[in-house]
Amino acid sequence: MQDLTRRTLAFWAVAEGVYALVVAFAVSVLVPWKTPWANALGLAYAALALAAVPGLARRRRWGWRLAVTGGIVGWTACVGVVGGLVASWAYLRSVYGDFGVGASIGALLAASGALQVLGLYPALKLCALLRREVRRDLGAGRGWVRFLVGISLVPLAVVLAVPLRFAPRPLAPVPPDARQQALDHLRAALEGRVRPETPALEGIPRGPGPLVVTAWERGRPALRVTSDQGDLAEAVRASADEIASSGPRPEARLQVDRVTALAPVASAADPVLALSVNPGVEGLWRQDRDPDLLVLPTDLLKKQVFGKTPLIPDIRELRLGMDVARARAAAHLEPRDRPIRVRTETWVEWEGQALPVTRGNTPLPASPGRVARWSQAAREGGAWLLQHQAEDGRFRYLYHPLSRLRDGRNRKVREYSVARHAGVVWVLGLLYEATGDPRCLAGARAGAAWLEAAMRTPCGPLGGACIASKPEVSFGTNAIAAVALIETYALAPDPELRTTVEGLLGLLMALQREDGEFHHGYDRTTGAIDPTARAMFASEEAALALVLAHRVLEEERYRVAARRALDHLTGPKYSDFLGHFIYGADVWTCLAAEEAYPRLQDPGWLDFCEGYARFLGRLQYEPGAWDNADFAGHYGFGALLFPQAPAAGGFGEAVTATAILARRTGQPAPELERQATLALDALVREQIRPDNAWMMPEPLLARGAVRRSPVEQEVRMDFVQHAVSALLRGIQLVGSVPEA
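Throughout this document, residue positions are counted from 1 along each chain, in the order its sequence is written. Local features in this predicted model are restricted to residues of pLDDT 70 or higher, and side-chain atom pairs are both shown and tallied only at a pLDDT of 80 or more, whereas totals for entire chains, interfaces and linings draw on every residue. As a rule here, side-chain values come from all non-hydrogen atoms in the structure, and water together with hydrogens is ignored.

Visitor: Give me the lowdown on the packing of aromatic side chains, citing residues and values where you can.
Guide: Pairing of aromatic rings covers Phe, Tyr and Trp, the last counted by its six-membered ring, and requires centre-to-centre distances within 6.5 Å; plane angles under 30 degrees mean stacked, over 60 mean edge-to-face, and any other angle means tilted. All told, the structure shown has 17 aromatic pairs when counted by the stated rule. Between Tyr583 and Phe615, the aromatic rings sit 5.3 Å apart at their centres with planes inclined by 50 degrees, giving tilted as the arrangement. Here the residue Tyr583 occupies a position in the loop between helix H19 (556-569) and helix H20 (587-596), and Phe615 occupies one in helix H21 (residues 603-617), the gap between them amounting to 32 residues. Classification of Phe615 as partly exposed rests on a relative accessible area of 25%. By way of ring pairs, the aromatic residues Phe11, Trp12, Tyr19, Tyr45 and Tyr121 are connected into one cluster. By definition, being over a ring means that NZ of Lys or CZ of Arg is both within 6 Å of the ring centre and within 35 degrees of the ring normal. A cation over an aromatic ring shows up here: Arg165 above the ring of Phe166, its NZ or CZ 5.9 Å from the ring centre. A cation over a ring is seen here: Arg394 above Tyr416, with NZ or CZ 5.1 Å from the ring centre. Strands are runs of DSSP state E lasting at least 2 residues, helices are runs of H or I lasting at least 4, and numbering of each runs from the N terminus. Exposure categories follow from relative accessible area, calculated using a 1.4 Å probe and restricted to protein chains: below 20% of the type maximum is buried, above 50% is exposed, and the middle band is partly exposed.

Visitor: Give a description of the environment of Gly209 that names residues and reports values.
Guide: Mapped onto the elements of the fold, Gly209 is located in the loop between helix H8 (176-191) and strand E1 (211-217). Note: C-alpha distance between Gly209 and Val342 (133 residues apart in sequence) is 8.6 Å.

Visitor: Explain the sheet that holds strand E13 (residues 521-523) to me, and be specific about the residues and the numbers.
Guide: DSSP calls a pair of strands paired once it identifies at least 2 bridges connecting them. One open sheet holds the three strands; their spatial order is E12-E13-E14, and the pairing between them is antiparallel. Bordering the open sheet on either side are strand E12 (472-474) and strand E14 (529-530), each of which pairs with just one other strand. Sheet analysis places E13 next to E14, joined by two bridges and oriented antiparallel. Its bridge partner being in E14, Tyr522 is matched across the sheet by Ile529.

Visitor: Can you explain H21? Please cite residues and give values.
Guide: Here H21 spans 21 Å end to end across 15 residues, near enough to the 21 Å set by a 1.5 Å rise per residue. Among the residues of H21, those classed as buried are Trp605, Leu606, Phe608, Cys609, Glu610, Gly611, Tyr612, Ala613 and Leu616. Buried residues belonging to H21 abut H19, H20, helix H22 (645-664) and helix H23 (670-686). Measuring from the backbone nitrogen of Gly604 back to the side-chain oxygen at the start of H21 gives 2.7 Å, which picks out Asp602 as the cap. By this rule the span expected of a helix is its residue count minus one, scaled by 1.5 Å. Residue contacts are defined here by distance: any two heavy atoms, one from each residue, within 4.5 Å place the two residues in contact. We define a polar contact as two N or O atoms separated by no more than 3.5 Å, with the added condition that, inside protein, one atom must be a possible hydrogen donor and the other a possible acceptor, whereas residues neighbouring each other in sequence contribute only through side-chain atom pairs.

Visitor: Before we move on, can you summarise unusual backbone geometry with the specific residues and values?
Guide: Of note, the amide linkage connecting Thr457 to Pro458 takes the cis form, showing an omega dihedral of -5 degrees. Among the secondary structure elements, Pro458 is positioned in the loop between strand E10 (455-456) and strand E11 (466-467). Omega for the bond connecting Tyr597 with Pro598 falls within 30 degrees of zero, at 5 degrees, which places this linkage in the cis form. As for its position among the elements, Pro598 is in the loop between H20 and H21.

Visitor: Explain the state of the cysteines to me, and be specific about the residues and the numbers.
Guide: In plain terms, two cysteine sulfur atoms within 2.5 Å form what is called a disulfide here. This structure, assessed with the given rule, holds two disulfides. With its sulfur 2.0 Å from that of its partner, Cys459 forms a disulfide with Cys466. With the S-S bond torsion at 85 degrees, the cross-link from Cys459 to Cys466 turns out right-handed. Judged by its relative accessible area of 1%, Cys459 is buried.

Visitor: Run through the nonpolar core, naming residues and quoting values.
Guide: The set of buried Ala, Val, Leu, Ile, Met, Phe, Trp, Tyr and Cys residues whose side-chain atoms join them within 4.5 Å is what this entry labels a nonpolar core. Core analysis: the largest hydrophobic core is formed by 126 residues, its most contacted members being Trp426, Leu451, Leu485 and Leu505. Of all the elements, H22 adds the most residues to this core, at 11 residues. Apart from residues lying up to four places away in sequence, Leu505 is in contact with Ile486, Ala545, Leu546, Ala549, Leu553 and Tyr558. Within the second largest apolar cluster, 32 residues are counted, among which are Trp64, Ile72, Leu129 and Ile151.

Visitor: Lay out the pairing of strand E3 (residues 253-264) with the relevant residues and their values.
Guide: Among the 12 residues that make up E3, 11 are buried, leaving the element largely enclosed by the rest of the structure. The sheet contact formed by E1 and E3 spans six bridges and is antiparallel. The partner of Leu211 across the bridge, within E3, is Arg258. Across nine bridges, the pairing between E3 and strand E7 (residues 340-350) is antiparallel. Residue pairing for E7: Val256 is matched across the bridge by Trp347.

Visitor: Which residues make up the pattern of salt bridges, and what values go with them?
Guide: For salt bridges, the criterion is a side-chain nitrogen of Lys or Arg within 4 Å of an Asp or Glu carboxyl oxygen. All chains considered together, the criterion is met by 39 salt bridges. Across the pair Asp718 and Arg420 runs a salt bridge, and its minimum N-O distance is 3.3 Å. You can see Asp718 sitting in helix H25 (residues 717-731) and its partner Arg420 sitting in helix H14 (residues 418-435), a full 298 residues away along the chain. A relative accessible area of 28% means that Arg420 is categorised as partly exposed. One salt bridge connects Glu502 with Arg498, and the closest N-O pair in it is separated by 3.1 Å. Of this pair, Glu502 and Arg498 both sit in helix H17 (residues 495-510), four residues apart, roughly one helical turn. Here the salt bridges do not stand alone but share partners, grouping Arg551, Glu594, Glu595, Arg664 and Arg729 into one network.

Visitor: How would you sum up the side chain of Gln304? Please name residues and give values.
Guide: Inspection of the secondary structure puts Gln304 in the loop between helix H11 (297-302) and strand E5 (306-310). On the basis of relative accessibility, which here comes to 19%, the residue Gln304 falls in the buried class. A distance of 2.8 Å separates the side chain of Gln304 from the backbone oxygen of Leu301, its partner in a polar contact. Here Gln304 is in contact with Arg326, Leu402, Val711, Glu712, Gln713 and Glu714, once residues within four sequence places are set aside.

Visitor: Give me the packing of H14 against helix H15 (residues 438-453): which residues, what numbers.
Guide: Between N-to-C directions, angles span 0 to 180 degrees; the directions come from axes that are lines fitted to C-alpha atoms, helices contributing only their stretch in contact. Look at H14 against H15: their axes get within 8 Å of each other, and the N-to-C directions meet at 150 degrees. By the angle class used here, H14 and H15 are roughly antiparallel. The hand of the H14/H15 crossing is left-handed. Facing Val418, His421, Ala422, Val425, Leu428, Gly429, Leu431 and Tyr432 of H14, the residues of H15 in contact are Pro438, Cys440, Leu441, Gly443, Ala444, Gly447, Ala448, Trp450 and Leu451. Residues belonging to the contact of H14 with H15 are distributed by class as follows: 13 nonpolar, four polar and no charged. These descriptions rest on fixed angle ranges, namely under 35 degrees for roughly parallel, over 145 for roughly antiparallel, 65 to 115 for roughly perpendicular, and the rest for oblique. Each crossing is labelled by how the near helix is turned from the far one, with a counterclockwise turn of less than a right angle marking it left-handed and a clockwise turn marking it right-handed. Charged means Asp, Glu, Lys or Arg here, nonpolar means Ala, Val, Leu, Ile, Met, Phe, Trp, Tyr, Cys or Pro, and polar covers whatever is left, Gly included.

Visitor: Help me get a handle on the packing of H21 against H23, residues and values and all.
Guide: Packing of H21 against H23 leaves a shortest axis separation of 11 Å and a crossing angle of 50 degrees. By the angle between their axes, H21 is oblique relative to H23. The way H21 lies across H23 gives a crossing that is left-handed. Mapping the contact onto sequence places Glu610, Ala613, Arg614, Leu616 and Gly617 in H21 and Glu671, Leu672 and Gln675 in H23. Among the residues making up the contact of H21 with H23, the classes are represented as three nonpolar, two polar and three charged.

Visitor: An account of the side chain of Ser539 is requested, with residue identities and associated values reported.
Guide: Along the chain, the position of Ser539 falls in helix H18 (residues 538-553). According to the relative accessible area criterion, Ser539 is buried, its value standing at 2%. Polar contacts involving the side chain of Ser539 include one to the side chain of Glu517, which spans 2.4 Å. In this structure the side chain of Ser539 is engaged in a polar contact, spanning 2.7 Å, whose partner is the side chain of His520.

Next comes the structure, spelled out in structure tokens:
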């Protein structure tokens, strides 16, 4: 036996012993015993490694065989895990296309981690023990080497096989003139008129599923017919015959769905099924393919089954996945049924036009121009807020446009958000300044009166005034309340309101530290300040309140306090190591910097906000960079999480304010103006309009609202607030924004 072989066996005898003890400790102590059989397998694997130690130490062939066997077991397990992760990568890409890039990358990163944790040691051991010289001394052949090479190719085979099995291959879309002829023919049948011919439909494949025609009335599918006859022309004529036999429905809106592709689901297991449907693009169908049980993409949107699982608890903006129980019920699926994914092409009628549908939304009309659209969208957003304001000045906190909500204001909210109420009051004031609409001023004054009624004076030993229902005072709530009341006072001066405003400002300034930052924790009963308490947006909102106070009340003390606050927020706030690489919740900081100009200005503030805006730009979906054109302009945290319209509103405020400040200081930033324009266009696209509200029971009550996302229809009052604020700032850029 050569010296090389002796040294190799001696080294790996020690390594196997250490490795066995580490694995045994990790499996028995660190890994929870939620699945006992998995822990038992881990301990058996550690025992196999430990059993090889004496044989390796004594340079016996059986010890070498045990060590190689253990290495092959470990490497095979690694290949299995990596193969599963790679299969997940390929499956998510097959389901979501470029929408699944983020999750796909996550799966590949996990696969690389599995290689290092599970495969590195077995790979190094096998490379050493299966060297030609060692095998020759121990009389072993090349069979094990061939086996290892073979199983190592498994992940590659998975990558090639999964897309072939699970990726849909949609048919070419129906031309616009053919879509229009189909709807004209169906509309004539719905109204009992003579049906026009459909020559453009001749020869177009119907698709691998039935043609589905739905007549919507008051937000519900009042009539649905399916046809699996012949080509698209025959299917449309057959559907029209069935519609005509049901009697006239002149008020209904027609929706046509053509199945363009079918693809299987990898598993009926809930976690797999939850991530197997592209929201708003795919529906579900039972494998028996009963046409009456086909669940369309719009059906799943109507039932609000998407965005149900938060990645991080209590952060609802980071949600993904489908509510499997509700989806199964819609498709009449048993727990063990594995459905088929259905990709459809959808179009809906509006004022005689056949509008294509993307995730339940219709395209914006070609006119008016961009800035006119922004102005109209801002006005309609304000009208929605006013329509949902109660007599006591409060606003409807939550609204679900796909449900019939006439009353029950805030039933699903444990506590009304005073901070968001104040934000709405502020924006109504801004809207009055921009439009002169007296309804906006009346709404702002009513909302401000409600805030005044909630005020406590004095607010504990520090004095001043505050809004607080508990001993602990929410600093952020009082800061944004100050913003709202200052704006209202500027529009409608009143001595009593000024006293209230000065009381609020007195509390904010009493809690300001020497370095310009603010204390966020204060107990009004004892006067105790908690220096460790921190709240998002609070210091930034306070800075804006002080800026507005100086502009409106024209007192030097507010100017000094505002400068100290902005200096801190744009500098020392990020003086720690991590602060050199990230930004936080700085929307209000940049709003304050823009509002401060020209009374207060500092080049460093603009530099900070431009850096923040460019940082946000890395999160923005660029037009043409994604298959999903409806994402353009939105901001997102990865490619699997659906972009949220509130991000386009909030971030859009900051970017637009920064672009305005840059232009006013003689340093225009065209790239930021473009970034702002993309976000504002995205907001207008997502706003509820008459043409995209056919699934809503009360479209007039929903008009002007901004939904969380196209597939999550929840509306919150601050979604609309931030959108209107961003749009109003965008209108100030009319001189530098080209018309559409």
